[in-house]
Each structure stands twice: as structure tokens, then as C-alpha cells.
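Overview (structure and organization)
Residues per chain, in single letters:
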Amino acid sequence: MKKFLLLFTIALSIFMNAQESAFVISNKQVVWQRIYESNKTPAEVKSILLATGKIKFTGEDTNILTGEISDFIMDFKGAGFTKMGTPLYLTNNSKYFANFKIEFKEGKYRVTATNIKFKGDSFSIFSGGIGFTSSGDDNLESYALNNDRELFKSSFDGRASRIVNYSFAQLFDASKYTKTDDNW
């Protein structure tokens with residue numbers, strides 16, 4: 001009975017962690033998705049997020065907004081981590097780019113970020129007559145997914161996924177931005 005209870009507890013904790021994750025693999029790409037509770041209209045959310053200056057909208061339908069993120073820096077400090085131990089691709093040296101879609105239903109909206117790429121510092125390494133050069137451009141799949149791009153790497157499941165999740169969650173949370181009232 002104790003073994004069964006232990007196995008049940010482990011299985012439940014794995015299931016609960018899998019349900020919490022904001023990341024999925026779709027067509028061998030990392031996709032971030034989150035649902036926000038909000039009574040704001042699509043126009044209000046667009047106005048609030050546009051005022052942050054961090055995103056650009058490229059399309060608009062009745063209940064769908066599309067756009068791009070550019071030059072976005074992940075907030076590892078806000079996620080509760082220090083630079084020590086944070087992967088280099090998530091530090092202030094890397095600027096992220098992505099496409100997003102915001103879908104609205106009554107009382108909530110869902111944000112989906114795809115095609116997540118970043119540009120970091122370029123570097124060159126030469127040793128023993130062999131050279132390696134990196135332009136600094138890469139995509140999140142290189143660091144988050146295994147070689148088959150079927151599963152997440154264990155190195156991404158911890159600190160890295162929490163930093164990316166926190167950063168995107170803060171970026172698209174329209175309730176945390178306050179509009180200034182010019183009528184004083």
C-alpha cells in the first residue's frame with residue numbers, strides 16, 4: 001500500500017507540473033501560451049500593450065490581434081534569479097523576437113507566442129587550427145528541445161522555462177499596466 005501511495009503521489013506531481021507549463025511543442029517549435037482573466041475589450045488591451053512600446057501590432061480582426069515582439073529582454077531578476085547560473089541566452093545580452101496572437105472570449109484573452117528567436121553577442125573561438133564562429137542569432141528550440149525536437153531538454157524545464165514564462169507573462173498582462181489620467 002505504501003508503494004502504491006508513493007507511486008500515486010509521484011504520478012500526480014508529474015501530472016500537475018505538466019498542466020502548469022505554459023510551453024508546448026507544435027510542429028517541432030516551442031510555443032508559449034497563457035490565458036488572462038480580463039473584462040477589457042480588444043481595443044483596450046491593444047491600447048494598453050501598445051503603450052508599453054515593447055510590441056507592435058500587425059493585424060486585427062474582431063476578436064483576434066496579431067503582432068510582433070522585438071528587442072525584448074528576458075527578466076531573470078523579476079523571475080527571482082540572479083545572473084549567476086542563468087543561461088547566457090536569457091541574460092541582458094540577448095534580445096528576443098517573436099510573433100504573437102491574442103484571442104478574446106468573454107472575460108478572458110489568450111496569448112500565443114510562436115517563432116521565438118533571439119540575437120545575442122557574436123563570438124569566435126579558435127583552437128588548434130580549428131575555428132568556430134557564431135553570429136549570435138538563434139532560436140529557442142536550439143536550447144529548449146532535444147535533437148529530434150520532440151521533447152523538452154531537462155536543462156530548459158527548470159530555471160530557463162520559468163524565466164521565459166515569467167517574462168512573457170508580465171509583457172502581456174494588461175492588468176498590470178496603469179493608464180495615466182491626464183485630467184487632474
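For the structure given in this document, a descriptive report is provided here. (Residues numbered from 1 in each chain as written. Predicted model: local features only at pLDDT ≥ 70, side-chain atom pairs only at ≥ 80, totals over all residues. Heavy atoms only, no water.)

Here's the deal with the overall build of the protein
- The helix and strand tally for the protein stands at four helices and nine strands.
- Put simply, the protein runs from its N terminus to its C terminus through helices and strands in the order α-β-β-α-β-β-β-β-β-β-β-α-α.
- The burial tally for the protein puts 31% of its 184 residues in the buried class.
- Residue pairs at least 24 apart in sequence account for 58% of intrachain contacts in the protein once pairs closer than 6 positions are excluded.
- Carbon together with sulfur atoms contributes 53% to the accessible area of the protein, which is approximately 12100 Å² in total. (Helix = DSSP H or I, 4+ residues; strand = E, 2+ residues; numbered from the N terminus. Buried < 20%, exposed > 50% of the residue type's maximum accessible area, 1.4 Å probe, protein only. Contact = heavy atoms within 4.5 Å. Areas by Shrake-Rupley, 256 points an atom, 1.4 Å probe, with all protein chains shown as cover.)

Notes on the packing of aromatic side chains
- Scanning the entire structure with this criterion turns up 13 aromatic pairs.
- Each ring, one from Phe104 and one from Tyr109, has its centre 5.6 Å from the other, and the planes form 35 degrees; the classification is tilted. Taken individually, Phe104 and Tyr109 each receive the classification buried, so the pair is uniform in this respect.
- Each residue in the set Trp32, Phe57, Phe72, Phe100, Phe168 and Phe172 is aromatic and connected to the rest through ring pairs, giving one cluster. (Phe/Tyr/Trp six-rings, centres within 6.5 Å; stacked < 30°, edge-to-face > 60°.)

Describing unusual backbone geometry
- Phi is positive for Lys28, close to 60 degrees, though the residue is something other than glycine.
- Tracing the backbone through its elements, the reader meets Lys28 in the loop between strand 1 (23–26) and strand 2 (29–37).
- One non-glycine residue, Asn115, adopts positive backbone phi at about 55 degrees.
- For Asn115, the location among the structural elements is in strand 6 (residues 108–119).

Things to note about the side chain of Ser167
- Within the secondary structure, Ser167 sits in helix 4 (residues 154–171).
- At 2.8 Å, the side chain of Ser167 forms a polar contact with the backbone oxygen of Ile163.
- With residues up to four places along the chain from it excluded, the contact list for Ser167 reads Phe72, Met74 and Asp75. (Polar contact = N/O pair within 3.5 Å; in protein donor to acceptor, adjacent residues only side chain to side chain.)

Re the side chain of Asn139
- In this fold, Asn139 is placed in strand 9 (residues 137–139).
- Reaching out from Asn139, the side chain makes a polar contact with the side chain of Ser142 at a distance of 3.0 Å.

Quick look at the environment of Ile69
- Of note, Ile69 is situated in strand 4 (residues 64–72).
- Ignoring anything within four residues of it in the chain, the contact list for Ile69 reads Lys54, Ile55, Tyr96, Phe97, Ala98, Phe100, Phe168, Leu171 and Phe172.

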